[in-house]
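Tertiary structure, described
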Amino acid sequence: FIDAGRLEGDAPLHINASDSTFHWRGGHLHGPAPLYLNINDTVRAFTDYSWDKYLSRDVVNDGRLQWRGVNYLYTRTNYSLVNNGFIEFTGHASYNVYIRQWWSNEANVRRAVVNNGEMVVRMPNNRWWYCITKFEQSPNATFRIDAGTAEFGGYSITGGSSWRGRVELANATRFNFWQYYHQWHFEPTNARAGVWSAYAGDDGGGAPCFDCRVRYDGDGPVELCDGTRTLGPRAFMATHLEVGQQEVRICGRGGVSDDDRVLRNLAWLRADHGSGYVHVYNARFDALRTVQIVSNGRALFDATTTFAHDALAVSIDSGVLTLDADVAPASYTHTGGTLNGGGTLGIHEPATFSWSGGTQAGVGGVTLLNTDNARIHSYSMTLSQRLLINTKTMLADFEAIYVRTNATIVNEPGAVWLCRAWLGRNHHYRQAVNAEAWPGRFVNRGTFDVNLVSADRAVYIEAPFGNDGFVNVEGNYVFVHEYNGRHHSATTGPHT
């Protein structure tokens with residue numbers, strides 16, 4: 001029983017007999033060697049409601065411990081509360097529970113709370129459990145909130161926290177994590193239910209977070225914006241966000257000014273797993289450099305989103321990226337999946353554009369290629385309900401592109417569309433497999449240049465074709481067909 005004062009000693013202390021008890025009401029646990037608890041009964045192992053507690057030695061729980069204490073547990077220097085068993089935090093109906101590093105040596109905190117087992121928060125009367133220091137959870141551990149709110153944060157701690165394992169929330173509970181952490185990783189393998197939120201400090205400000213990474217694979221949803229407690233306006237706590245299952249909503253504070261919408265630090269966003277998606281709205285990204293859609297992930301940037309960084313790289317491997325906002329990335333790579341939305345994807349010199357699989361769609365959407373570094377290549381692609389405009393040079397070395405459902409390809413005056421063979425095959429511009437009422441079309445106002453190298457290869461235009469420019473044929477055949485399959489004309493090179 002420790003009521004106050006100090007428990008000291010250089011040797012390890014083991015409390016593990018079948019009839020042992022541990023009752024910590026207040027005071028200071030001090031010493032270089034750990035205190036080991038292995039009592040499998042929370043009636044006999046608990047901290048009491050009362051005074052602040054101070055930890056200057058490791059406490060390792062291998063049994064079952066109930067934390068009834070209120071006010072603060074201060075962890076000093078490099079010492080930790082390590083849980084390998086079970087800890088239940090019950091708090092008090094009138095008070096919150098706080099675990100925090102000691103003020104005088106914040107920068108020296110190595111780790112303060114380590115969960116390798118199971119931690120459960122059951123705070124009465126919607127009370128809060130705060131961990132205002134470093135927190136580490138191993139991949140096989142579980143953190144669960146059955147009642148109340150758990151909040152994690154810190155104050156400019158070098159090294160940060162590392163979250164893995166399971167995170168489970170009962171209905172009507174909350175899980176908050178907030179800014180000031182430096183170099184921390186939040187990567188739960190399973191996260192469930194409840195309400196999730198994240199913000200950048202009480203006023204939305206706080207120091208930037210460097211190399212902060214978030215991965216979410218739960219069945220949320222996660223709301224990364226909520227009134228005054230949001231990701232902004234001045235700082236987004238994560239530089240890397242990877243979203244798996246369910247929905248994650250990201251937004252600015254909801255104000256009308258640019259400063260209300262800025263998410264300054266997010267540099268990398270990845271969406272995977274088709275069961276959920278990232279929804280971004282009312283946000284301005286100052287540092288976003290990478291957007292990746294893989295493994296059937298989904299992401300939507302609505303029309304209120306703006307991108308301020310000039311080195312953005314966008315890639316779609318599978319899944320769906322919906323751009324209702326205008327974006328002008330430095331590079332765009334599309335190998336599978338679908339680009340959707342009514343915004344304009346602008347590729348401007350010296351930006352690069354590579355499309356080798358999948359679909360570009362979206363009513364009102366525009367793909368504007370204003371670069372000499374554009375290429376459509378590989379086996380087959382589909383353009384549907386979208387306008388693709390080439391104003392410079394397009395290298396088109398593919399077997400087939402399906403231009404369907406009011407989609408239009410426009411090769412503008414002065415632009416060059418280079419038709420080249422892909423793996424020695426013929427070159428096709430097709431409508432849908434079956435005739436459509438509103439097929440796509442190709443409009444050439446510049447130069448349509450055909451050179452398939454092999455003399456027996458041909459370009460087949462099996463969709464409406466309007467030519468106000470030039471068709472250069474260099475030793476190959478061009479067959480132009482009406483969209484209903486009737487042969488319209490044929491020409492053989494070399495000539496214009």
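Report on the accompanying structure.

About the cut-offs
- Residues numbered from 1 in each chain as written.
- Predicted model: local features only at pLDDT ≥ 70, side-chain atom pairs only at ≥ 80, totals over all residues.
- Heavy atoms only, no water.
- Core = buried A, V, L, I, M, F, W, Y, C linked by side-chain atoms within 4.5 Å.
- Buried < 20%, exposed > 50% of the residue type's maximum accessible area, 1.4 Å probe, protein only.
- Helix = DSSP H or I, 4+ residues; strand = E, 2+ residues; numbered from the N terminus.
- Contact = heavy atoms within 4.5 Å.
- Pairing = 2+ DSSP bridges.
- Phe/Tyr/Trp six-rings, centres within 6.5 Å; stacked < 30°, edge-to-face > 60°.
- Axes fitted to C-alpha atoms, helices over the stretch in contact; angles between N-to-C directions.

Among the nonpolar cores identified, the biggest contains 50 residues, and L321, F353, I376, W417, Y429, F448 and V459 are the most heavily contacted of them. With 5 residues, strand β47 (residues 393–404) is the single largest residue contributor to this core. Aside from chain neighbours lying at most four places away, what touches V459 is C419, H427, Y429, F448, V450, L452, Y477, V478 and F479. Of all hydrophobic cores here, the second largest spans 34 residues; its members include V59, I87, V113 and F175.

This part takes up the pairing of strand β13 (residues 97–101). Judged by how many residues are buried, β13 sits mostly within the fold: 5 of 5 residues are covered. Residues of β13 alternate between two faces, with V97, I99 and Q101 on one and Y98 and R100 on the opposite face, all of them buried. In the sheet, β13 pairs with strand β16 (residues 128–132) via 4 bridges, with the strands oriented parallel. Counted as the bridge partner of Y98 is Y130 from β16.

Mapped onto the elements of the fold, T322 is located in strand β38 (residues 320–323). For T322, the contacting residues outside a window of four places in its chain are A299, L300, F301, N340 and G341.

Quick look at unusual backbone geometry now. Residue P350 is bonded to the preceding E349 through a cis peptide linkage, with omega at 5 degrees. Along the polypeptide, P350 turns up in the loop between β41 (344–348) and β42 (352–355). With a phi close to 60 degrees, N126 is a non-glycine residue in the positive phi region. Mapped onto the secondary structure, N126 falls in the loop between β15 (118–122) and β16. By relative accessible area, which is 58% here, N126 ends up exposed. The backbone phi angle of Q385 is positive, close to 55 degrees, even though this residue is not glycine. The topology assignment puts Q385 in the loop between β45 (374–384) and β46 (386–390).

Where strand β7 (residues 53–56) meets strand β10 (residues 71–75), 3 bridges bridge the pair, whose relative direction is parallel. Bridged to K53 within β10 is L73. By the bridge criterion, 5 bridges tie β10 to β13 in an arrangement that is parallel. Its bridge partner lying in β13, N71 is registered against V97.

Our next topic: the packing of aromatic side chains. Inspection of every chain in the model, using the stated rule, returns 19 aromatic pairs. For the pair Y72 and Y74, a centre-to-centre distance of 5.2 Å together with 15 degrees between the ring planes defines the contact as stacked. You can call Y72 partly exposed: its relative accessible area is 26%. Of the residues examined, Y74 reaches a relative accessible area of 9% and is grouped as buried. Look at Y98 and Y130: their rings are 4.7 Å apart centre to centre, the planes differ by 0 degrees, and that puts the pair in the stacked class.

Taken together, the 6 strands give an open sheet; going across it, the order is β41-β44-β46-β48-β51-β54, and neighbouring strands pair in parallel fashion. The open sheet has two edge strands with one neighbour each: β41 and β54 (465–467). Geometrically, the sheet is characterised by an average inter-axis angle of 10 degrees between neighbouring strands, direction not taken into account. Bridge count between β41 and strand β44 (residues 365–370): 5 bridges; the pairing is parallel. Within β44, the residue paired with L345 across the bridge is T367.

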